[in-house]
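Below, each chain spelled out in residue letters.
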Amino acid sequence: MKFMKIGTRPDIFYTEEATRSVISDLPCDLVIQINNITYLLHKLQFPLLPKCGLLQRLCSNSDDSSTITLELHDIPGGEEAFELCAKFCYGITINVSAHNFVPAFCAAKFLQMTESVEKGNFVLKLEAFFNSCILEGWKDSIVTLQTTAKLTEWSENLGIIRKCIDSIVEKIPTPPAKVTWSYTYTRPGYKKTQQSAPRDWWTEDISDLDIDLFRCIITAIRSTYILPPQLIGEALHVYASRWLPDTTRTRSPESSMSQTDDVTEKNRRILEAIVSMIPADKGSVSVGFLLRLLSIANYLGASPVVKTELIRKSSLQIEEATVSDLVFPSRASSSQHVYDIDLVVQVIESFLMRWRRQTPETVENTQLLRAIRKTGKLIDTYLQVVARDKNMPVPKVVSLVEALPDIARKDHDDLYKAINIYLKEHPDLSKADKKRLCRSLDCQKLSPEVRAHAVKNERLPLRTVVQVLFFEQDKGSRTTDPRMLTQELFSRGKQMPIPVDDLNKLHLGGDEQSVRTDGTRRTPVPESSSRDYRKKKRSDRNSQQLEPEIEEVEGKKGKDAREEGSSGSKLDPKKIIQSRSRSDHGRDKGRDR
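Definitions and cut-offs
- Residues numbered from 1 in each chain as written.
- Predicted model: local features only at pLDDT ≥ 70, side-chain atom pairs only at ≥ 80, totals over all residues.
- Heavy atoms only, no water.
- UniProt positions renumbered as here; feature names shortened; annotations may be inferred.
- Helix = DSSP H or I, 4+ residues; strand = E, 2+ residues; numbered from the N terminus.
- Buried < 20%, exposed > 50% of the residue type's maximum accessible area, 1.4 Å probe, protein only.
- Contact = heavy atoms within 4.5 Å.
- Areas by Shrake-Rupley, 256 points an atom, 1.4 Å probe, with all protein chains shown as cover.
- Salt bridge = Lys/Arg side-chain N within 4 Å of Asp/Glu carboxyl O.
- Pairing = 2+ DSSP bridges.
- 1 Å grid on protein atoms, 1.4 Å probe; cavity = no way out; pocket = protein on both sides within 12 Å on 5 of 7 lines; lining within 4 Å.
- Points joined across faces, edges and corners; volume = space filled by probe spheres on them.
- Nonpolar A, V, L, I, M, F, W, Y, C, P; charged D, E, K, R; others polar.
- Axes fitted to C-alpha atoms, helices over the stretch in contact; angles between N-to-C directions.
- Parallel < 35°, antiparallel > 145°, perpendicular 65-115°, else oblique.
- Left-handed = near helix turned anticlockwise from the far one by under 90°.
- Expected span 1.5 Å × (residues − 1).
- Phe/Tyr/Trp six-rings, centres within 6.5 Å; stacked < 30°, edge-to-face > 60°.
- Lys NZ or Arg CZ within 6 Å of the ring centre and 35° of its normal.

Per an unreviewed UniProt entry, the recorded name for the protein is NPH3 domain-containing protein, and the organism is Manihot esculenta. Per UniProt, the comment on the protein under Pathway (unreviewed entry) is "Protein modification; protein ubiquitination." The Sequence similarities (unreviewed entry) comment attached to the protein in UniProt states, word for word, "Belongs to the NPH3 family."

Right, here's the structure in full:
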């Protein structure tokens, strides 16, 4: 960083209490008060008045032999800037750099230290240094622009801000091969021995600026149309990482303490500015960055307009997200669960708005179908993460499960894994909650291995197990031995009769699901889904044909169901129902005790 050295005399200023004086044999005859500091100086013995037009005008009506007292509380830069100007007049050595140029230049302008007052004055020297050194350097321009924050109005009127921004914007499009490492900080991950700088070499340096100055630079860059939108997005990402709070960590007693109103308001203003600067081009920023901004917006209590815009932008790229991008810590003070599912649901619903506008034929043969399937896979994997939250309520999980249409899941294996994890982590769920959790599970979309696991899974509700068994019997699957399944279930407990009303509810496939779907959402049904629906109707008819057989078996008392189940070659759903019901009833009684 460059600096300018002016003057040859040693520093003769000294401090006594709140008074700054000059070591001299001559008595002072000029008293200047700036804020809480008093300066005891000389009018004519040293060239103070000859170089300062303002002081000449203020002292024009006074006697040369009298002591004059002036108050300059409104001088830009305060006492430090005034002292630089005074030392220049006394010929004392001073160093001017990008760090103190702005206050020195504004104070010199205020004191009217121009060429019209005296040749070779302070303003002329400062202007020469500004044009030849500061504006020619990269870091000098940025530091100078930073210092204008305390003297914004003066800097704008004198053209300092505009000239610094123009200098910075002019250097940013420099090809990386021509960028020398003296332009930038020592960036982590890069070595100065590398042949060229990275393409985003400028982003970290300008991230030190105030948000208003940063916005001016980004706006100027975008107006040139020289850089691709991805580089603009990278600059926004670097700035957000530099200034916005980190909300990726789960809430803890220490981190949940509210910030001061001033800090929160400042962060909210930065967030809104960043969102407004995101290029409209898809892919200019990553979906992970957008989702992080959404989490921060929720944490800071940003306006609904900002949240809606972030949800819309995130939904356009949601299929590119990873599970870690969706793990939003819940910031609501009233919630006990760790993860914020509501935000994810809002993004998914915004994503599905495009899908609902498509015809079934278009959905089947476009990239949108692949995006929906990829998103469904992502959500089911995400559910396996949030299912481990012991305080996550069932309605939250169900809302996310049912947010996706049937076409989004090519198979239900991952959904089954998520449900199984939730049931394992929440062993005290009621039967109603278990049924509600499992009602979206389609046994026809489970792989043979998962169906075999489901039959043996004591955590699943009875309805789900029977649906799997009905499908196995209808399909005639060779991967699961019906005799082994029957023996497995009968080994868990003795038979007990269950109400006929529960038996009448055990229908597999279309009827129940169609009713539920009509009550929640309407989605286009592609041709492939229609074929699945007809298959489920056939399975449903088979299950209805089995119900008389179930009721007939219920009337046979005194017969050993275990022996009959192990000796028969066909599945007896009634016996399986009674066995599971007996086992569930025993567990419920134990829990009540």
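Continuing now.
Turning our eyes to something else, we now look at the overall build of the protein. If you tally the helices and strands in the protein, you get 28 helices and 7 strands. Counting over 593 residues, the protein shows a buried share of 49%. For the protein, the share of sequence-separated contacts (at least 6 apart) that also reach a separation of at least 24 residues comes to 73%. Accessible area for the protein stands at about 29,400 Å²; split by element, carbon and sulfur atoms hold 49% of it.

Here the focus is the pattern of salt bridges. Here the structure, examined in full by the defined rule, presents 17 salt bridges. Among the salt bridges present, the one from Lys313 reaches Glu309, with a minimum N-O distance of 3.4 Å. Linking Lys313 with Glu309, this pair stays in helix H13 (residues 304–315), spanning 4 residues, or about one helical turn. A relative accessible area of 11% means that Lys313 is categorised as buried. When its relative accessible area of 25% is taken as the criterion, Glu309 is described as partly exposed. Residue Asp414 is joined to Lys417 by a salt bridge in which the shortest nitrogen-to-oxygen separation is 4.0 Å. With Asp414 and Lys417 both in helix H19 (residues 413–425) and 3 residues apart, this pair spans about one turn of that helix. Overall, the relative accessible area of 10% leaves Asp414 in the buried class. A residue is classified by how much of its surface remains accessible, and Lys417, at 41% relative accessible area, is partly exposed. Among the charged side chains, a salt-bridge network with shared partners connects Asp11, Arg20, Glu83 and Lys87.

This part covers the pairing of strand S6 (residues 68–71). Residues Ile68 and Leu70 of S6 are buried on one face, while the alternating residues Thr69 and Glu71, pointing to the opposite face, are not. The sheet contact formed by strand S4 (residues 30–34) and S6 spans 4 bridges and is parallel. Pairing of Leu30 across the sheet is with Ile68, part of S6.

What follows covers empty space enclosed by the protein. One pass over the full model with this rule turns up 2 cavities of 30 Å³ or more. If you go around the second largest cavity, the residues you meet are Leu383, Ala387, Val397, Val401, Leu415, Ala418, Ile419, Tyr422 and Leu437. For the lining of the second largest cavity, the secondary-structure elements that each account for two or more residues are helix H18 (394–401) and H19. Ranked by the residues each element gives to the lining of the second largest cavity, the list is headed by H19, at 4 residues. Here the residues of the lining of the second largest cavity are counted per class, giving 9 nonpolar, no polar and no charged.

This part takes up the packing of helix H15 (residues 341–356) against H18. At a minimum axis distance of 10 Å, the contact between H15 and H18 shows a crossing angle of 20°. Classified by the angle their axes make, H15 and H18 are roughly parallel. The interaxial crossing formed by H15 with H18 has left-handed handedness. Within the contact between the two elements, H15 uses Ile341, Asp342, Val344, Val345 and Ile348 and H18 uses Lys396, Val397, Ser399 and Leu400. Looking at the contact of H15 with H18, its residues break down into 6 nonpolar, 1 polar and 2 charged.

Here we come to helix H10 (residues 229–243). Because each turn of an α-helix spans 3.6 residues, side chains separated by three or four positions end up pointing in the same direction. In this model, H10 (15 residues) spans 21 Å end to end at C-alpha, consistent with the 21 Å of a helix rising 1.5 Å per residue. When we look at burial in H10, the residues that qualify are Leu231, Ile232, Gly233, Ala235, Leu236, Val238, Tyr239 and Ala240. Contact partners of the buried residues in H10: helix H8 (203–206), helix H9 (211–224), helix H11 (261–277) and helix H12 (287–300).

Once that is clear, we can look at the packing of aromatic side chains. Overall, the coordinates contain 9 aromatic pairs when judged by the stated rule. Measuring from ring centre to ring centre gives 5.9 Å for Phe13 and Tyr90, while their planes differ by 80°; the resulting arrangement is edge-to-face. Of this pair, Phe13 sits in strand S2 (residues 13–16) while Tyr90 is found in helix H2 (residues 78–90), placing the two residues 77 residues apart along the sequence. Neither Phe13 nor Tyr90 differs from the other in exposure class; each is buried. Ring centres of Phe88 and Phe122 lie 4.5 Å apart, and the angle between their planes is 20°; on these two criteria the pair is classed as stacked. On the criterion of sequence distance, the pair formed by Phe88 in helix H2 and Phe122 in helix H4 (residues 122–134) is long-range, its members being 34 residues apart. Assigned by exposure class, Phe88 and Phe122 land together as buried. Through a chain of ring-to-ring contacts, three or more aromatic side chains come together here, namely Phe101, Phe105 and Phe130. A cation sits over an aromatic face here: Arg242 above Trp243, 4.3 Å from the ring centre.

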